[in-house]
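So you can see what is in the structure, the chains are spelled out below.
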Amino acid sequence: MTDITYRLPQKRHLVTELPGPRSSELAARRTSVIPAGVGSSVPVYAADADGAVIVDVDGNSLIDLGSGIAVTNVGASDPRVAQAVRDQVGHFTHTCFMVTPYEGYIRVAEQLSALTPGDHEKRTVLFNSGAEAVENAVKVARLATGRNAVVAFDHAYHGRTNLTMALTAKNMPYKRDFGPFAPEIYRMPMSYPFRDDDGLTGPEAARRAITAMEKQLGADGIAAIIIEPIQGEGGFIVPAPGFLPTLAAWARENGVVFIADEVQTGFARTGDWFACEHEGVVPDIITMAKGIAGGMPLSAITGRADLMDLVHVGGLGGTYGGNPVACAAALATLDTMRELDLRGRARAIGDVALGRLRALAAEVDVIGDVRGRGAMIAIELVRPGTAEPDPDLTKKVAARCLAEGVIILTCGTHGNVIRLLPPLVIDDDLLADGLDVLETAIRAAGN
Ligand SMILES: *Cc1c(COP(=O)(O)O)cnc(C)c1O
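Since the structure is predicted, the reported quantities are computational estimates derived from the model, not experimental observations.

Caption draft 1: Broad picture of the nonpolar core. Counting 95 residues, the largest nonpolar core has Val397 and Leu438 as the members making the most contacts within it. If you tally residues by element for this core, the top one is helix H10 (residues 324–339), at ten residues. Inspection of this core shows a minimum of three residues originating in each of domain 1 (21–64 + 341–445) and domain 2 (82–339). Phe153, Ala205, Ala206 and Ala209 belong to the second largest nonpolar core, which has 26 residues in total.

Shown next as structure tokens:
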């Protein structure tokens, strides 16, 4: 394993019950100034974080198996990222790239051109959030095609702004009562091997969606297909092999822009730079955020130059997009990923975790499916011996893990999926400890 030096001991260590008294105090203060609409998965408040450990305000050291939702792939305070941020803020924190541009933005664009799939000519635009990247990918696709319809999939998650809410599948909590939603969004069936009919292949699942698009929309009315190569919030759904390549080929034949939303799957998470690479899919536009800048807010779209260059001057941008501090953090993040071979590390994490969880699944009857790629791993929990989702059990498992000092996120349309997204710098012992706790929680909750 690569030598990684940490600032904080990489150990789970509890000194109070969770939440401790100082976290409880903050939780009480919070209610009088922050609306309940802003939820938090865990009730402990962070004081420090490094590698895969979060230290809370009561001095408890917790294992982080969520990376702040797939963001801190390089760890919570990677020294190179921290230094790059310090260096940049010593010079300037903002000029606005649309007013007085700077080199960092260009360097990030050069790197994304090189790292994203395909060796065609590319262009990159930087923004602040994943949702903003998705919005802009759709803007470019509509302008470039002169068409309106945008196709998204069952279980999709693309964000919380008006357009991206419309693209997102799940009503509660993302959409309910927040309409009306943006028009011209159409939803198609996803490939979901655990829940599809037995034996439905990836290409067959793609044909199912293609037939629906052709019959309901007409290929020549569709501006773009947007899809997460492995769905995130929707349940870490890995489509059957052949699904994505078949869809992408159909899109190409029909002048439909194929947008891969790699906001969650990108930046070494799945063992490649991007999840599309696994099946050699080359998207026309790729959306990126989360893991891109070690926790600094940055997002990007990289797309075919012939599409991106169609947009008129001033049509793309934003005050903070490609902030210089965030760009410096992104460049350091990419250096760290290469230096520590975090793609290899993601694959190693996947081998360990999938191996252990599959062995566990053979022993207990509440695990319906274990799936994932690299360090993006999920277990779908079900009522014993059935495929019926068990969200209550899922909550119970996450709560037991937290009580033992392990932060674990859930997801899924039915809320019955435990997802593991550890920082890719997690050390072997800490990962093993986190998995021990999870395994014990599943065995206990399953009884
Ligand atoms: C998180 C996420 C988004 C939205 O990103 P924000 O930065 O929260 O706006 C979009 N797409 C996918 C696949 C995501 O996981």
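Still more to cover.
Caption draft 2: Just the packing of helix H7 (residues 202–216) against helix H8 (residues 243–253), in detail. Close contact between H7 and H8 brings their axes to 7 Å; oriented N to C, the two are set at 35°. Read as a crossing pair, H7 and H8 show a hand that is right-handed. Judged by residue contacts, Gly202, Pro203, Ala205, Ala206, Ala209, Ile210, Met213 and Glu214 of H7 engage Phe243, Thr246, Leu247 and Trp250 from H8. Partitioning the contact of H7 with H8 into residue classes produces nine nonpolar, two polar and one charged.

Caption draft 3: Just the pattern of salt bridges, in detail. If you walk through the whole model with that rule in mind, you get 24 salt bridges. Where Asp284 meets Arg304, a salt bridge forms, and the shortest distance between an N and an O atom there is 2.8 Å. One end of the pair, Asp284, is in the loop between strand S8 (257–261) and strand S9 (285–288); the other, Arg304, is in strand S10 (residues 299–304), and 20 residues separate them in sequence. Given a relative accessible area of 10%, Asp284 falls into the buried group. Taking the shortest distance from any N to any O, the salt bridge between Arg371 and Asp369 comes out at 2.8 Å. Through salt bridges with shared partners, one network takes in Arg356, Glu363, Asp436, Glu439 and Arg443.

Caption draft 4: Geometry of the pairing of strand S15 (residues 417–420). Judged by which residues are buried, S15 turns out to be covered on both faces: Val417 and Arg419 on one side and Ile418 and Leu420 on the other are all buried. Direction of pairing for strand S12 (residues 376–381) relative to S15: antiparallel, over a ladder of four bridges. Within S15, the position partnered with Ile377 by the bridge is Leu420. Here three bridges tie strand S14 (residues 409–411) to S15, and the two strands are oriented antiparallel to one another. Paired with Thr410 across the two strands is Ile418, which belongs to S15. Connecting S14 to the antiparallel partner S15 that follows it, the hairpin turn spans five residues, and Gly412 within it adopts a positive phi of roughly 105°.

Caption draft 5: View of the packing of aromatic side chains. Under the definition given, this model contains six aromatic pairs. Their ring planes at 80° and their centres at 6.1 Å tell us that Phe153 and Phe243 sit as a pair that is edge-to-face. Of this pair, Phe153 sits in strand S5 (residues 149–153) while Phe243 sits in helix H8, placing them 90 residues apart in sequence. With respect to class, Phe153 is no different from Phe243; both count as buried. Taken together, the aromatic side chains of Phe92, Phe97, Tyr102 and Tyr105 make up a single cluster linked through ring pairs. A cation over an aromatic ring shows up here: Lys175 above the ring of Phe181, its NZ or CZ 5.2 Å from the ring centre.

Caption draft 6: Local environment of the sheet that holds strand S11 (residues 367–373). Spatially, S11-S12-S15-S14 is the arrangement adopted by the four strands of the open sheet, whose pairing is antiparallel. Each edge of the sheet is formed by a strand with only one pairing partner; in this case those strands are S11 and S14. Within this sheet the neighbouring strands show an average axis-to-axis angle of 25°, counted without direction. The pairing of S11 with S12 spans six bridges and is classified as antiparallel. Residue pairing for S12: Asp369 is matched across the bridge by Glu380. Those strands touched by helix H12 (residues 391–403) are S12, S14 and S15, and its axis lies near 35° from that of S15.

Each value, and the rule that gives it
For every chain, the first residue of the written sequence is number 1, and numbering continues from 1 along that sequence. Totals for whole chains, interfaces and linings use every residue, but because this is a predicted model, local features are given only for residues with pLDDT of at least 70 and side-chain atom pairs only at 80 or more, for both listing and counting. Side-chain calculation: all heavy atoms of the structure are included, whereas hydrogens and water are not. Residues grouped as a nonpolar core are buried Ala, Val, Leu, Ile, Met, Phe, Trp, Tyr and Cys residues, joined through side-chain atoms within 4.5 Å. A 1.4 Å probe rolled over the protein chains alone gives each residue an accessible area, and that area as a share of the maximum for its type sets the label: buried under 20%, exposed over 50%, partly exposed in between. Helix numbers and strand numbers start at the N terminus; a helix is a DSSP run of H or I with at least 4 residues, a strand a run of E with at least 2. Throughout, the edges of the domains are those of an automatic or database domain assignment. Interaxial angle, 0 to 180 degrees, is taken between N-to-C directions of lines fitted to C-alpha atoms, where a helix line uses only the stretch in contact. Here a crossing is called left-handed whenever its near helix is offset anticlockwise from the far helix by less than a right angle, and right-handed whenever the offset is clockwise. Only heavy atoms enter the contact rule, under which two residues are in contact if any of them lie within 4.5 Å. Ten residues, namely Ala, Val, Leu, Ile, Met, Phe, Trp, Tyr, Cys and Pro, are considered nonpolar, four, namely Asp, Glu, Lys and Arg, are considered charged, and the remaining ones, Gly among them, are considered polar. A pair is scored as a salt bridge if a Lys or Arg side-chain nitrogen falls within 4 Å of a carboxyl oxygen belonging to Asp or Glu. At least two bridges found by DSSP between two strands are what make those strands a pair. Classification of ring pairs rests on two measures: the distance between centres of Phe, Tyr or Trp rings, Trp counted by its six-membered ring, which must be within 6.5 Å, and the angle between planes, read as stacked under 30 degrees, edge-to-face over 60 and tilted in between. Consider the ring centre and the ring normal. A charge sits over the ring if Lys NZ or Arg CZ is within 6 Å of that centre and within 35 degrees of that normal.

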